[in-house]
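One-letter residues, chain by chain:
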Protein chains: 2
Amino acid sequence: MDNHSIKVNYCSTGKVKPKSDELEFGRIFTDHMFIMDYSDSLGWHDARIIPYQPLLIDPSAMVFHYGQSVFEGLKAYHTPEGDAQLFRPKKNLERINRSNDRLCIPELDEEFALHAIKQLVGIDKDWIPKADGTSLYIRPFIISTEAYLGVAPSRHYQFIVILSPVGAYYKEGINPVKIAVENKYVRTVAGGTGEAKTGGNYAASLKAQELVANSGYAQVLWLDGVEREYIEEVGSMNVFFKINGEIVTPALNGSILKGVTRDSVIELLKHWDIPVVERKISMQELYDAHENGSLEEAFGAGTAAVISPIGQLTWNGDHIIINNAETGSVSKKLYDTLTGIQYGKQEDPFGWIEKVKAVSKVK
Amino acid sequence: MDNHSIKVNYCSTGKVKPKSDELEFGRIFTDHMFIMDYSDSLGWHDARIIPYQPLLIDPSAMVFHYGQSVFEGLKAYHTPEGDAQLFRPKKNLERINRSNDRLCIPELDEEFALHAIKQLVGIDKDWIPKADGTSLYIRPFIISTEAYLGVAPSRHYQFIVILSPVGAYYKEGINPVKIAVENKYVRTVAGGTGEAKTGGNYAASLKAQELVANSGYAQVLWLDGVEREYIEEVGSMNVFFKINGEIVTPALNGSILKGVTRDSVIELLKHWDIPVVERKISMQELYDAHENGSLEEAFGAGTAAVISPIGQLTWNGDHIIINNAETGSVSKKLYDTLTGIQYGKQEDPFGWIEKVKAVSKVK
Ligand SMILES: Cc1ncc(COP(=O)(O)O)c(C=O)c1O
Ligand SMILES: Cc1ncc(COP(=O)(O)O)c(C=O)c1O
């Protein structure tokens, strides 16, 4: 496909943009969206940017019945110079293709998809909010649209990108949360779809999340589905622990999502010569580390919160208080550095930033 | 909700109905569909039957992203007397509510939902095909429609019922199939969503199915996600084995779907005084039974095929041929009795049948 063959149909009048301090997450969408169709005969085709609008989909479309879908999540940031920039978008496109493979969805041309995202963000660049900690959330996703009830891979898909201006995750500074260790429900298991970013994993997670939220916890800590012993993720984030000066994160085992933030945290730690290791880690080991005083920090890592310090972990009725329920120094340094790079306030020695050019609306 | 408050908006001209011998599964839909909305403030409301038509859904609707959806599958049958009837529909509505509970979807009024299904089938009664083995497939499903990207239960849903005339599953008589035992991928795991009829389970199953289909197998036999040893289901069916005169089926363990056909098979076997037991059964036990000559029959059981005899099971390169790859006598008797009751050609001593009244179109 020609890299520049995106038809653009501008909306006639843009919507009113929300004030920066009124922003939530994922409730308001910008003026435009990107769509591209797939059929067995034509492959991916008809790439277009159109006014944000509802989809017209047959009730028998496979996505409604058999959940064949994948998605990504990344952000565009406004810099002090007035630029728009993305953080490691190629990682998200590599991941959507790994998800596609697991879900039997046809591969995307990653370069073209990045081009499409940049063009869409360029067109709606004025929607990137400017206040501290705000950003434009980018949601690329693929749904199976064949009108057919057989359990089989769909022969039709749509790849869609929508944009949502989002508020600061931390309104009053980075803040440790309480987490409950989940013993009953599992998110996924090796051999399942945990490594893929697909709807079913999130649907499966709602029940546990709802139950602990009622008791005042922010998220659950997921254990592995086989032994119910080893730590996997926290909510929709990867998880890290500082034990005796070393940073430990669960090794990718087939049921853990390979987070872009996780990868960036590991690279930064190595850059700083802070020891970091990916390996299996059990709840018992963590509990013992807490008991003997060597558990120094814990935090989640993901695009939404960047770094989310864990102040308390509750496991079978035991409350493990970490670092006095305060944000640890490694958590803080990672948060400051990652957001510094993302918002263009700090140098990017890793080549993580991709600039987005504003697109002027020539009608 | 008043049991009779379904607004009906008939289509002006019906579509051309397909010939019975041209029917496939799930590709053609009838003239009408049922829809009902849910919102936090109004509960389930605005029940209506309208012409079959595409849905208009926001691209940020949660079902596209986080897979929060459930569905059911049952059939309407045409009897020799010209009646329309359903097979144990209350079981499907009990199950959709169990699925709803796991997926954090609000409960349906089962009685009202049954009323809605009967009214819809009554209106499109002429769509029930009459040829041997054909039927009208009924697909009730619920999708999360809130326009919001937060990972949380949706606050808006639609409950929809669509109908599809389907051809005979066995065009040339009931026919044993080849099955491959799946060692790499798993469908789900205890603590996950296997007991629920939700899209993610089917999305997770596509990859394994696609790989074995390339080698000439009809379906995979799923093993448990923990020990990878115990038998769970076959494709989208429950599974039964006749070993030494006794029928064995995997006990419901949290990751197996509680099939309506499974339940009916167990009741019939008990009625016939054929020993039947629900328990754990490993692939090794099955292999040993084959080796010592006590594995007499194997079959899948589900709404689509009713009974699907297994002629061959391939496990780690070993081909286990069952009953000479012919349909066993218990399989045959179950198939004949179940279809006999479903099509009203045989007495129904269990109260499994619900008649549907034709609805005349008063405009
Ligand atoms: C289940 C899960 N784990 C981890 C992450 C973190 O991934 P990333 O850093 O790429 O946002 C996400 C996405 O945010 C997720 O959904
Ligand atoms: C995974 C799975 N198992 C078993 C069954 C059999 O259930 P039933 O007999 O209710 O159709 C189905 C549905 O057909 C299914 O999707």
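These numbers were taken from a predicted model, which means no experiment stands behind them.

Caption draft 1: A look at the site of ligand 2. Residues and elements named next belong to chain B. In the region of ligand 2, 15 residues are neighbours, and Tyr 202, Glu 233, Val 260, Thr 261 and Thr 303 sit closest. Tyr 202 places a polar side-chain atom, nitrogen or oxygen, 2.4 Å from an oxygen atom of ligand 2. For ligand 2, an oxygen atom lies 2.6 Å from a polar atom in the side chain of Thr 303. For ligand 2, whose unbound accessible area comes to 390 Å², protein coverage reaches 94%. Secondary structure elements with two or more residues in the shell around ligand 2: helix H5 (260-271) and strand S16 (295-302). For the shell around ligand 2, a count of residues per class yields five nonpolar, six polar and four charged.

Caption draft 2: The arrangement of the pattern of salt bridges in detail. Residues and elements named next belong to chain A. On inspection of all chains with the given rule, the structure shows 40 salt bridges over all chains. Among the salt bridges present, the one from Asp 46 reaches Arg 48, with a minimum N-O distance of 3.5 Å. For the salt bridge of Lys 355 with Asp 83, the shortest nitrogen-to-oxygen distance reads 3.3 Å. In this pair, Lys 355 sits in strand S19 (residues 353-356) while Asp 83 sits in the loop between strand S6 (74-78) and strand S7 (84-87), placing the two residues 272 residues apart along the sequence. By relative accessible area, which is 45% here, Lys 355 ends up partly exposed. Owing to a relative accessible area of 31%, Asp 83 belongs among the partly exposed residues under this scheme. Overlapping salt bridges bring together Lys 7, Asp 37, Asp 46 and Arg 48 as one network.

Caption draft 3: Representation of the pairing of strand S15 (residues 276-279) of chain A in the model. All names here are of chain A. Judged from the four bridges that link them, strand S14 (residues 246-250) and S15 form a sheet pairing that is parallel. By the bridge assignment for S15, Thr 249 is matched with Glu 278. One crossover worth recording links S14 to the parallel S15 by way of helix H5 (residues 260-271), and it is right-handed.

Caption draft 4: Seen up close, the UniProt feature "modified residue: N6-(pyridoxal phosphate)lysine" (unreviewed entry) in chain A. Residues and elements named next belong to chain A. UniProt records the feature "modified residue: N6-(pyridoxal phosphate)lysine" (unreviewed entry) at Lys 197, using the numbering of this structure. You can see Lys 197 is positioned in the loop between strand S10 (177-181) and helix H4 (199-213). If near-sequence neighbours (up to four positions away) are discounted, Lys 197 is found in contact with Ser 69, Val 70, Phe 71, Glu 72, Gly 73, Arg 95, Ser 99, Tyr 202 and Leu 257.

Caption draft 5: Representation of the packing of H5 of chain B against helix H7 (residues 329-342) of chain B. Residue and element names in this part refer to chain B. Between H5 and H7, whose axes approach to 11 Å, the crossing angle comes to 110 degrees. Overall, the two elements H5 and H7 adopt an arrangement that is roughly perpendicular. Of H7, the residues touching H5 (which contributes Thr 261, Ser 264, Val 265, Leu 268 and Leu 269) are Val 330, Leu 334, Thr 337 and Leu 338. Here the residues of the contact of H5 with H7 sort into six nonpolar, three polar and no charged.

Caption draft 6: View of unusual backbone geometry. Positioned with a positive phi, Cys 104 of chain A is a non-glycine residue whose angle comes to about 60 degrees. Tracing the backbone through its elements, the reader meets Cys 104 of chain A in the loop between helix H2 (89-102) and helix H3 (110-123). With a phi close to 60 degrees, Asp 273 of chain B is a non-glycine residue in the positive phi region. A relative accessible area of 69% means that Asp 273 of chain B is categorised as exposed.

Caption draft 7: Molecular detail of a negative patch on the surface. Residues and elements named next belong to chain A. Together, Glu 94, Glu 107, Asp 109, Glu 110 and Glu 111 make up a region of like negative charge exposed at the surface. One can find Glu 111 in helix H3. For Glu 111, a relative accessible area of 58% gives the class exposed.

Caption draft 8: Local environment of the site of ligand 1. Residues and elements named next belong to chain A. The environment of ligand 1 is made up of 15 residues, and the closest members are Tyr 202, Glu 233, Val 260, Thr 261 and Thr 303. Burial of ligand 1 by the surrounding chains reaches 94%, relative to a free accessible area of 380 Å². Among the elements of the structure, H5 and strand S16 (295-302) are those that each provide at least two residues to the shell around ligand 1. Classifying every residue of the shell around ligand 1 gives five nonpolar, six polar and four charged.

Procedures and definitions
Residues numbered from 1 in each chain as written. Chains lettered and ligands numbered in written order. Predicted model: local features only at pLDDT ≥ 70, side-chain atom pairs only at ≥ 80, totals over all residues. Heavy atoms only, no water. Near = heavy atom within 4 Å. Polar contact = N/O pair within 3.5 Å; in protein donor to acceptor, adjacent residues only side chain to side chain. Areas by Shrake-Rupley, 256 points an atom, 1.4 Å probe, with all protein chains shown as cover. Helix = DSSP H or I, 4+ residues; strand = E, 2+ residues; numbered from the N terminus. Nonpolar A, V, L, I, M, F, W, Y, C, P; charged D, E, K, R; others polar. Salt bridge = Lys/Arg side-chain N within 4 Å of Asp/Glu carboxyl O. Buried < 20%, exposed > 50% of the residue type's maximum accessible area, 1.4 Å probe, protein only. Pairing = 2+ DSSP bridges. Right-handed = clockwise from strand over helix to strand, strands pointing away. UniProt positions renumbered as here; feature names shortened; annotations may be inferred. Contact = heavy atoms within 4.5 Å. Axes fitted to C-alpha atoms, helices over the stretch in contact; angles between N-to-C directions. Parallel < 35°, antiparallel > 145°, perpendicular 65-115°, else oblique. Patch = residues over 30% accessible without salt bridge, like charges linked within 9 Å, V, L, I, M, F, W, Y side chains within 5 Å. Lys, Arg positive; Asp, Glu negative; His and termini not counted. Charge placed at Lys NZ, Arg CZ, Asp CG, Glu CD.

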